[in-house]
Amino acid sequence: MSESDNIREPSKAAGGWGALKSVGRQLMGSGAPVSNARTLLKLNQADGFDCPGCAWGDPEHGSSFEFCENGVKAVAWEATRARVTPEFFAKHSVSELQGWTDYDLEHQGRLTQPMRYNPETDHYEAVSWQEAFDGIATALNALDHPNQAEFYTSGRASNEAAFLYQTFVRLFGTNNFPDCSNMCHEASGVALTQAIGIGKGTVLLEDFEKADLVFCVGQNPGTNHPRMLASLREVVERGAQVCVLNTLKEKGLTRFADPQEKLEMIRGGSEPTSTHYYRPRLGGDMAVFRGMSKVVLEAEDRAQAEGRPAILDHAFIRQHTTGFDAWCAMVRATDWDHIEDQSGLTRDEITAAAQLYIDAERVITTWAMGITQHLHSVPTIREIASFMFLRGNIGREGAGLCPVRGHSNVQGDRTVGINEKAPAALLDAMEKELGVPLPREKGHNVAQAIGAMLDGSARAFFALGGNFARAVPDSTLVAQALGRLDLTVNIATKLNHGHLMPGKVSYVLPCLGRTEIDRNSRGERQMVTVEDSMSMVHGSGGINLPASKELLSEVRIIAGVAKATLGSEVVDWDALGDDNDKIRDMIARVLPAFGDFNKAVRQHRGFWLRNPASEREWNTPSGLASFGEEDLRDLTEWQQVKGQQATFVLQTFRSHDQYNTTIYGMDDRYRGVYGLREVIFINPADIEGIDAEAGDLVDIIGCHDDGRLRACRGFRVVPYDIPRGCIAGYYPEMNELVPHQTYGDQSFTPTSKSVVVRIERHQP
Ligand code: SF4
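Please read these numbers as outputs of a predicted model, since none were measured by experiment. (Residues numbered from 1 in each chain as written. Predicted model: local features only at pLDDT ≥ 70, side-chain atom pairs only at ≥ 80, totals over all residues. Heavy atoms only, no water.)

Trainee: Just checking my understanding: could you explain the overall build of the protein for this structure?
Mentor: Per the secondary structure count, the protein includes 31 helices and 29 strands. Whereas a compact globule of 764 residues would reach a radius of gyration of roughly 27 Å, the protein reaches 25 Å, a difference of no more than 12%. Dimensions of the protein, computed from C-alpha atoms along their principal axes, come out at roughly 80 × 60 × 55 Å. Here the protein holds 764 residues, and 65% of them are scored as buried. (Helix = DSSP H or I, 4+ residues; strand = E, 2+ residues; numbered from the N terminus. Rg over C-alpha atoms; globule rule 2.2 N^0.38 Å. Buried < 20%, exposed > 50% of the residue type's maximum accessible area, 1.4 Å probe, protein only.)

Trainee: Would you take a moment to explain the sheet that holds strand E16 (residues 487-492) for this structure?
Mentor: In any sheet, the strands associate via hydrogen bonds between backbone groups, in a parallel or an antiparallel arrangement. In spatial order, the strands read E5-E4-E17-E16-E15-E6; together these six strands make up an open sheet with mixed pairing. The sheet is open, and its two edges are formed by strand E5 (123-126) and strand E6 (149-153), each paired on a single side. On average, each strand axis in the sheet is inclined to that of its neighbour by 20 degrees, with strand direction left out of account. Packing against the sheet, helix H8 (residues 129-141) makes contact with E6, strand E15 (460-464), E16 and strand E17 (505-510), and its axis sits at approximately 140 degrees to E17. (Pairing = 2+ DSSP bridges. Axes fitted to C-alpha atoms, helices over the stretch in contact; angles between N-to-C directions. Contact = heavy atoms within 4.5 Å.)

Trainee: Sorry if this is basic, but what is going on with the domain arrangement of the protein here?
Mentor: How big an interface is tends to be expressed through the accessible area that disappears when the partners come together. Here the domain parsing of the protein yields domain 1 (14-78), domain 2 (83-184 + 409-515 + 557-591), domain 3 (196-403) and domain 4 (636-761). For domain 3 and domain 4, the distance between their C-alpha centres works out to 27 Å. Taken together, the contacts link 21 residues of domain 3 with 30 residues of domain 4. Carbon and sulfur atoms supply 55% of the area buried between domain 3 and domain 4, which totals about 2,200 Å² over both sides. Linking domain 3 with domain 4 are three salt bridges. The tally of links from domain 3 across to domain 4 stands at ten residue pairs in polar contact (both at pLDDT 80 or more). (Domains from an automatic or database assignment. Buried area = accessible area lost by both parts, 1.4 Å probe. Salt bridge = Lys/Arg side-chain N within 4 Å of Asp/Glu carboxyl O. Polar contact = N/O pair within 3.5 Å; in protein donor to acceptor, adjacent residues only side chain to side chain.)

Trainee: Sorry, what's going on with the sheet that holds strand E20 (residues 607-608) here?
Mentor: Ordered in space as E18-E19-E20, the three strands form an open sheet in which the pairing is antiparallel. A strand with exactly one partner marks an edge of an open sheet, and here the two such strands are strand E18 (528-531) and E20. Contacts between helix H9 (residues 159-172) and the sheet are confined to E18 and strand E19 (536-540), with E18 contributing the most and set at about 90 degrees to the helix.

Trainee: Help me understand helix H25 (residues 475-483) in this model?
Mentor: Because each turn of an α-helix spans 3.6 residues, side chains separated by three or four positions end up pointing in the same direction. Taken as a whole, H25 has its buried residues at Ser475, Leu477, Val478, Ala479, Ala481 and Leu482. Elements in contact with the buried residues of H25: helix H23 (446-455), E15, helix H24 (468-471) and E16.

Trainee: Which parts of the structure should I look at to understand the nonpolar core?
Mentor: Across soluble globular proteins, nonpolar side chains show a tendency to be buried alongside one another. In this structure, Ile136, Leu140, Phe151, Phe168, Leu509 and Phe594 are the most contacted members of the largest nonpolar core, which totals 61 residues. Take this core: its biggest share by element is eight residues, from H9. Sequence-distant contacts of phenylalanine 168, defined by excluding residues within four places in its chain, comprise Leu140, Phe151, Ile558, Val561, Ala562, Thr565, Leu566 and Trp573. Leu192, Met292, Leu312 and Ala353 belong to the second largest nonpolar core, which has 60 residues in total. (Core = buried A, V, L, I, M, F, W, Y, C linked by side-chain atoms within 4.5 Å.)

Trainee: Sorry if this is basic, but what is going on with the pattern of salt bridges here?
Mentor: Where side chains of opposite charge bring their charged atoms close, a pairing between them can arise. Within this structure, the stated rule accounts for 57 salt bridges. Residue glutamate 531 pairs with lysine 200 through a salt bridge whose shortest N-O separation is 2.8 Å. Of this pair, glutamate 531 sits in strand E18 while lysine 200 sits in the loop between helix H10 (186-196) and strand E7 (213-217), and the two are 331 residues apart along the sequence. Judged by its relative accessible area of 13%, lysine 200 falls in the buried class. A salt bridge links aspartate 486 to arginine 459, with the nearest nitrogen and oxygen atoms 2.9 Å apart. Pair noted here: aspartate 486 is in the loop between H25 and E16 and arginine 459 is in the loop between H23 and E15, with a separation of 27 residues, a long-range link.

Trainee: Honestly, the packing of aromatic side chains in this entry has me stumped. Any pointers?
Mentor: Aromatic ring pairs: the centre-centre distance and the angle between the two ring planes describe each pair. Counted according to the given criterion, the structure contains 36 aromatic pairs. Plain terms: the ring middles of tryptophan 327 and phenylalanine 627 are 5.1 Å apart, the flat faces sit at 35 degrees to each other, and that makes the pair tilted. Placement of the pair is tryptophan 327 in helix H16 (residues 324-333) and phenylalanine 627 in the loop between strand E21 (625-626) and helix H30 (636-641), with a sequence separation of 300 residues. Residue class for phenylalanine 627 comes out buried when judged on its relative accessible area of 1%. Aromatic side chains phenylalanine 653 and phenylalanine 681 sit 5.6 Å apart centroid to centroid with 70 degrees between the ring planes, which places their arrangement in the edge-to-face category. (Phe/Tyr/Trp six-rings, centres within 6.5 Å; stacked < 30°, edge-to-face > 60°.)

Trainee: Would you mind going over the pairing of E17 with me for this structure?
Mentor: For a regular strand, side-chain orientation follows a simple rule: the groups alternate between the two sheet faces. Counted residue by residue, E17 has five buried out of six residues, so it is predominantly covered. Where strand E4 (residues 115-118) meets E17, two bridges bridge the pair, whose relative direction is antiparallel. Residue pairing for E17: methionine 115 is matched across the bridge by valine 508. Looking at chain direction, E16 and E17 are connected through six bridges and run parallel.

Trainee: Looking at this structure, how should I read the packing of helix H14 (residues 285-305) against helix H17 (residues 336-343)?
Mentor: Relative orientation and spacing of two packed helices are given, respectively, by the angle between their axes and the distance between those axes. The contact between H14 and H17 brings their axes to 8 Å, and the two run at 145 degrees. By crossing handedness, the relation of H14 to H17 is classed as left-handed. On H17, the residues that touch Ala287, Val288, Arg290, Gly291, Lys294, Val295 and Glu298 of H14 are Trp336, Ile339, Gln342 and Ser343. Here the residues of the contact of H14 with H17 are counted per class, giving five nonpolar, three polar and three charged. (Left-handed = near helix turned anticlockwise from the far one by under 90°. Nonpolar A, V, L, I, M, F, W, Y, C, P; charged D, E, K, R; others polar.)

Trainee: Help me understand H14, please; the structure alone is not making it clear to me.
Mentor: The terminal C-alpha atoms of H14, which comprises 21 residues, lie 30 Å apart, in line with the 30 Å expected from a rise of 1.5 Å per residue. Judged by how many residues are buried, H14 sits mostly within the fold: 16 of 21 residues are covered. Phi for glycine 307, located one or two positions after H14, is positive at around 65 degrees. (Expected span 1.5 Å × (residues − 1).)

Trainee: Looking at this model, I keep getting lost on the pairing of E7. Mind explaining?
Mentor: For E7, a buried count of five out of five residues is recorded, marking the element as mostly surrounded by other parts of the structure. Alternating positions in E7 separate into two faces, Leu213, Phe215 and Val217 on one and Val214 and Cys216 on the other, with burial throughout. As judged from the five bridges shared by E7 and strand E8 (residues 241-245), these two strands associate in the parallel manner. Looking at the pairing, leucine 213 lines up with glutamine 241 of E8.

Trainee: Would you take a moment to explain the side chain of aspartate 474 for this structure?
Mentor: Here aspartate 474 is to be found in the loop between H24 and H25. Reaching out from aspartate 474, the side chain makes a polar contact with the side chain of histidine 740 at a distance of 2.7 Å. Dropping the residues within four chain positions of it, aspartate 474 is found in contact with Arg708, Arg710, Asn735, Glu736, Val738, Pro739, His740 and Gln741.

Trainee: Whenever I open this one, the side chain of lysine 294 confuses me. Can you help?
Mentor: Mapped onto the elements of the fold, lysine 294 is located in helix H14. There is a polar contact of 2.9 Å between the side chain of lysine 294 and the backbone oxygen of arginine 332. Residues in contact with lysine 294, not counting those within four places in the same chain, are Val331, Arg332, Thr334, Trp336 and Ile339.

Trainee: Hey, could you run me through the environment of valine 755 in this one?
Mentor: Mapped onto the secondary structure, valine 755 falls in strand E29 (residues 755-761). For valine 755, a relative accessible area of 4% gives the class buried. For the pair valine 755 and glutamine 651, spaced 104 residues apart in the sequence, the C-alpha separation amounts to 6.5 Å. Once residues within four sequence positions are removed from consideration, valine 755 is found in contact with Phe648, Val649, Leu650, Leu737, Val738 and Pro739.

Trainee: Please clarify how the packing of H14 against helix H20 (residues 377-389) should be interpreted in this entry.
Mentor: Put simply, H14 and H20 touch, their axes get as near as 9 Å, and they point 25 degrees apart. The pairing of H14 with H20 is recorded here as roughly parallel in orientation. The chirality of how H14 crosses H20 is left-handed. Touching Asp285, Met286, Phe289, Arg290, Met292, Ser293 and Val296 of H14 are Pro379, Thr380, Glu383, Ile384 and Phe387, all from H20. The residue makeup of the contact of H14 with H20, split by class, is seven nonpolar, two polar and three charged. (Parallel < 35°, antiparallel > 145°, perpendicular 65-115°, else oblique.)

Trainee: In this structure, what is going on with unusual backbone geometry? I would like to understand it.
Mentor: Only a minority of non-glycine residues have a phi that is not negative, and only a minority of peptide bonds are not trans. Here the bond from tyrosine 731 into proline 732 is cis, since omega is 5 degrees, no more than 30 degrees from zero. The residue proline 732 is located in the loop between strand E28 (726-730) and E29 in this model. Despite not being glycine, serine 535 has its phi angle at roughly 65 degrees, a positive value. Tracing the sequence through the fold places serine 535 in the loop between E18 and E19.

Spelled out as structure tokens, the structure:
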């Protein structure tokens, strides 16, 4: 295979002409380039619709082109002219479609009509909405117990849909809320709730304009939050520091050519998005922060000894924190050999990064999946918070903690009640609102829902969006379990593999997209709301005609199913299903933090949902911010790999032409891979170590010892600048190698960034 075919020089910078070409391709591919280009002018605008992509914030006074390349892909993908009609399903059996790729399935276009699976013909067949609602109600009410049903939520669901959904599901009698955040930022939620009393970041977008230093950790914004590149570039341009900690050298974290900078584009220029770049090994970040904390404490000791001004913010530590002494003792007792071995960085590198922290007044730390998809992600994030407490870098301008969410409303869904272990305050308020008792026992998250499907105790699966069957670990095993259920229901805009594992009774229910107009029965245009990573809640109103006259909003679909299943004695589902303002009033009654929700969200750019921790108010049991309690543990995955031939720690990640399990295209131009997804990125020295060459085909075998063979076969070797012993590849393909039994302590998040595998020569 020649270098020129699939593996070529990666682009020099993120963004740039490559982004414009890709945007052009996506708009042409949608079949409606002109109207979709017009649609983009309303993307992320105050009077427009929210990007169905990631959850990066919108500037107060943004530009007319307030979107990135991946935002365009998301819009063009949704606003395609292609349609999946009943005729399509009549032509293609479910068994045939199961053999199609993720890309080919979604590329067929928008679903247009409610469909029910006919096991006799192995085809989906069109039904009316009422038939669908009644059929689902019959199957749900036929369950022996409501806990036999799993109700999944994708982070694309609006606040209104998510709130109505949790109302329906709790009234149905269960707290089984497996949720996409269980697979992404759950560890952030758990750790931050322990450390600062709320599971959310504490910074606003404007804080990036005031920070002296930004640590960007375990995150690839170039692909997953592209507008963040403009913020990082601005930090560097004004002489502040951006220090990256990432196993991989990601293009977006080195240079960015801003397509909105005309002169720069003409001269083919770009600007740096970072000033310092360190490459810990997979899972090594806790050790890095432990090491940096050690350097800061030793610097404090020297300052005290030499009578120099303090390095630590003693006033903050004294007034606002607990656990400082015990944590300091652990840090001081942690030896450098352990830190260097586990982090994969040298003491000098860690000391240099810590010095940046000491020299900076205002510091923000951002992170994503590179931190949250490990066994020890919760203690790692506690360590990050503890490090930031040392100089009071929280709850003041230009400083704070920022888990950057990958799905446009994943944070909002949790806020409005999508939570298998909901706080008593929410259930109390819901019971007061509804006047009936609600289930109080803890429900299932994703890992537990998978367990229930595999042991047969789950009998029904209902998905509010998403592609559960492909997003989860051990995806084939779970997909087969889905096919054994009594009921599967998927609310979706496009066809995906999750729909092709039908239960005995199965429905696919097509909903309106974010770009489309939703009118109530009075003909008025409706808006939904979302909450971004900065806790900003803003409105989103579609501008395009629906892809089909049959489509209903997520809210109406949930109201229809709920009414058919539960009746309307307790809740007037028709009224709520027809009027999002009514749902927002209900949210405001149940969650006072929303205040006068309908009025507040109609302000320019919406409103900030108050985060007490960013005002140094700590809703922790102690009423104080809490330093970490865990010592640096040995990383089991690295112990397994040590001394083993051809054995590596694998991380799964997205290509640049991908959004979660949605594959927009087959290229990954920031990594130099074109037209190919079955690839393994590996250090050139490790390629020699396995006696292979660039371009060779290999098999990657899972090493989890539970008797199940996990294998990805015939993947192409791609030499890449990655630390020895670490390898990387794309999900969902490589979710096959992630055991469903290995998940983060306390977070239950699949350990998709630290999977132990072996590479073997390919057996055709
Ligand atoms: S940065 Fe995220 S939210 Fe913004 S346009 Fe891009 S994908 Fe959409």
